[in-house]
Amino acid sequence: MNTKKKIFSVLVLSLMFISCGNPVQKNSDDSTTASFDIEHPEKMSFYDIFERMDIIPLETSDNSLISGHTMHQQIVNDTLYILDRGRKIHKFDANNGKYLGQFMKSGQGPDEYVYITYFTVHPDNKTITVAEPATSRLYTFDMASEKKIRTVRISYDNANGRFAISSFAPVNDSIYAVFSFIDSRILFYDVINGVRIGLQDIPLHENINKTKYVAPGEVFNKINDKVILFISYLNTIYEYQRGSFVPYIKLDLGKYGKVHEYFSTTMPREKAIEYLFENDDKYVSFWSMPFSSKNSIVFTGLHNRKHPILMYDTKTGEGKYAETLTEGIEIFPNIRQNGCYTYRLSQVKELLDENHLTNEKVLDDNNLRILSELKTDDNPVLLRYKIKQ
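How each quantity is defined
- Residues numbered from 1 in each chain as written.
- Predicted model: local features only at pLDDT ≥ 70, side-chain atom pairs only at ≥ 80, totals over all residues.
- Heavy atoms only, no water.
- Buried < 20%, exposed > 50% of the residue type's maximum accessible area, 1.4 Å probe, protein only.
- Helix = DSSP H or I, 4+ residues; strand = E, 2+ residues; numbered from the N terminus.
- Pairing = 2+ DSSP bridges.
- Axes fitted to C-alpha atoms, helices over the stretch in contact; angles between N-to-C directions.
- Polar contact = N/O pair within 3.5 Å; in protein donor to acceptor, adjacent residues only side chain to side chain.
- Phe/Tyr/Trp six-rings, centres within 6.5 Å; stacked < 30°, edge-to-face > 60°.

Q: Explain the pairing of strand S25 (residues 341–346) residue by residue, including any values.
A: Burial analysis of S25 places five of its six residues in the buried class, which makes it a mostly covered element. Note that strand S24 (residues 335–338) and S25 share two bridges and pair antiparallel. Note on S25: the bridge partner recorded for Asn338 is Tyr341. The loop that links S24 with its antiparallel partner S25 comprises two residues; one of these, Gly339, has a positive phi angle of about 65 degrees. Pairing analysis gives six bridges linking S25 to strand S26 (residues 381–387), with the strands arranged antiparallel. Within S26, the residue paired with Tyr343 across the bridge is Arg384.

Encoded structure:
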C-alpha cells in the first residue's frame with residue numbers, strides 16, 4: 001500500500017472512531033433527543049443506578065411531629081427542611097434524622113406570612129424565601145434572626161396583575177424563575193430590585209391548558225450545574241440559558257408520547273381524571289424529577305399501572321426503558337438531588353403496608369432492623385439513595 005493510501009485509510013478509520021465514540025446528535029435548537037422503546041423494555045437493576053439505600057427515621061416528639069400534610073421539602077447542606085400545612089418549616093439532620101428546630105413566621109404581623117405553599121433555602125447567604133400565593137408575594141427571611149429582609153410582589157406589570165405562584169427557583173444570585181401552572185407561564189424576576197425582567201410561555205397542549213386538573217408537582221431542579229425545568233406532560237427537559245428556558249433533551253416516546261389526547265375537555269372533572277388514569281396503558285407520563293447517575297439522567301414514569309425507569313445516557317445518546325427494577329421495587333424521588341444522593345420522604349405506613357418502595361434485596365441488615373422497628377404513628381422517614389458514580 002503506498003503512502004497516500006495509508007494516510008487515507010488512517011483518516012477514514014479516525015473519522016469512524018470519532019463517530020462511534022460520540023453518536024449523540026444535536027437538533028437544530030442545540031437540544032438532543034432521547035428515544036425510548038416502550039414496547040421492548042430492558043432489564044435494569046437497582047444496582048445499575050444506586051450503590052445503596054438507607055432508611056433514616058425522623059425524630060418523633062411533641063415539637064417535631066409532622067401533620068402528614070407535607071407540601072414541599074428540600075435538603076441543603078445535610079439539613080432536611082419540610083413545609084408542614086403551610087405554616088411552619090421543620091428542620092432535621094438529613095444524616096441521622098435528629099430534630100433541629102423549626103422556622104415559623106405564621107401570623108398577621110408585618111414580618112409574618114399567612115399561608116405559604118413553597119420555599120427555597122439559600123445556603124450561601126443563609127436566607128429562606130417563601131411563597132404566599134394569596135398575595136402573589138415572595139418573602140425572604142434571615143434564617144438566624146427570622147427577620148424579614150425582603151418582599152417581592154410577583155405580577156405581570158410590576159404593579160397590579162396577580163400571578164398564581166406554583167413554584168420558583170433561583171437561576172442565579174439575583175434572578176428567580178417563578179412558575180404558574182394555572183397560567184402556563186414563567187416570570188423571571190430580579191428579586192434584589194423587585195422588578196420583572198422576562199416572561200416565558202410554556203407550550204403545554206391546549207387540552208392540558210383547558211383542564212388543569214392534574215398539577216405537575218415539582219418542576220425545577222439542578223442537574224450537572226444546570227437549572228432545569230421538567231413538566232410531566234411536555235416530553236421535554238429544558239435548561240436555563242441567558243434569560244429563558246430552552247430545550248435540553250427531547251423525549252421521544254413514539255406513539256406513547258401523546259398523553260394530551262387523554263385529557264378530556266368535555267367530561268366532568270372526576271370522570272376526566274378517571275379516564276386519564278384508566279388509559280395509562282396508551283401513554284407514558286413522568287412521576288419524578290430527573291436526577292443524574294454516572295453519565296445518565298434518570299426519572300420515573302407511569303405506564304400501564306406500573307412505574308417504569310427511563311435512563312438517558314448523555315455520552316452515547318442511548319435511551320433505556322425498564323418496566324420495573326429486577327429487585328421488584330419502584331423509585332420515587334420527591335426531593336431535589338443533593339450531591340451524590342437523591343431522596344424520598346415517605347410515610348411509615350407506606351413502607352409497612354406496601355412492598356414496592358423497599359425490600360430485603362436492597363437493604364442491609366441494619367436497615368432491615370430499622371424497618372422492623374418503625375411504628376405507623378412515627379414521623380415520616382427519609383429514604384436516601386446513594387447514586388452510583
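Q: Any details on the sheet that holds strand S17 (residues 236–241)? Residues and values, ideally.
A: The strand order across the open sheet formed by five strands is S1-S18-S17-S16-S15, and the pairing between neighbours is mixed. Each end of this open sheet is capped by a strand with a single partner; those strands are strand S1 (32–35) and strand S15 (220–223). Strand-to-strand, the axes of this sheet are offset by a mean angle of 35 degrees, without reference to chain direction. Of the strand pairs in this sheet, strand S16 (residues 226–230) and S17 are connected by three bridges, and their pairing is antiparallel. Residue pairing across strands places Leu229 opposite Tyr238, the latter belonging to S17.

Q: Lay out the environment of Leu253 with the relevant residues and their values.
A: Locating Leu253 in the fold gives a position in the loop between strand S18 (244–252) and helix H4 (269–278). Sequence-wise, Leu253 and Glu39 are 214 residues apart; in three dimensions their C-alpha atoms are separated by 10.0 Å.

Q: How would you summarise the side chain of Asn367 if you had to cite specific residues and measurements?
A: Checked against the element boundaries, Asn367 lands in helix H6 (residues 365–373). Residue classification places Asn367 among the buried positions, given a relative accessible area of 2%. Of note is the side chain of Asn367, whose polar atom sits 2.9 Å from the side chain of Asp364.

Q: How would you summarise the packing of aromatic side chains if you had to cite specific residues and measurements?
A: Aromatic ring pairs are defined here through the distance separating the ring centres and the angle between the ring planes. A full pass over the atoms with the stated rule returns 21 aromatic pairs. Plain terms: the ring middles of Phe103 and Phe141 are 5.3 Å apart, the flat faces sit at 65 degrees to each other, and that makes the pair edge-to-face. You can see Phe103 sitting in strand S6 (residues 99–104) and its partner Phe141 sitting in strand S9 (residues 137–142), a full 38 residues away along the chain. The two residues Phe103 and Phe141 agree in class, both being buried. Through pairs of rings, three or more aromatic residues link up here, namely Phe46, Tyr47, Phe50, Phe291 and Tyr385.

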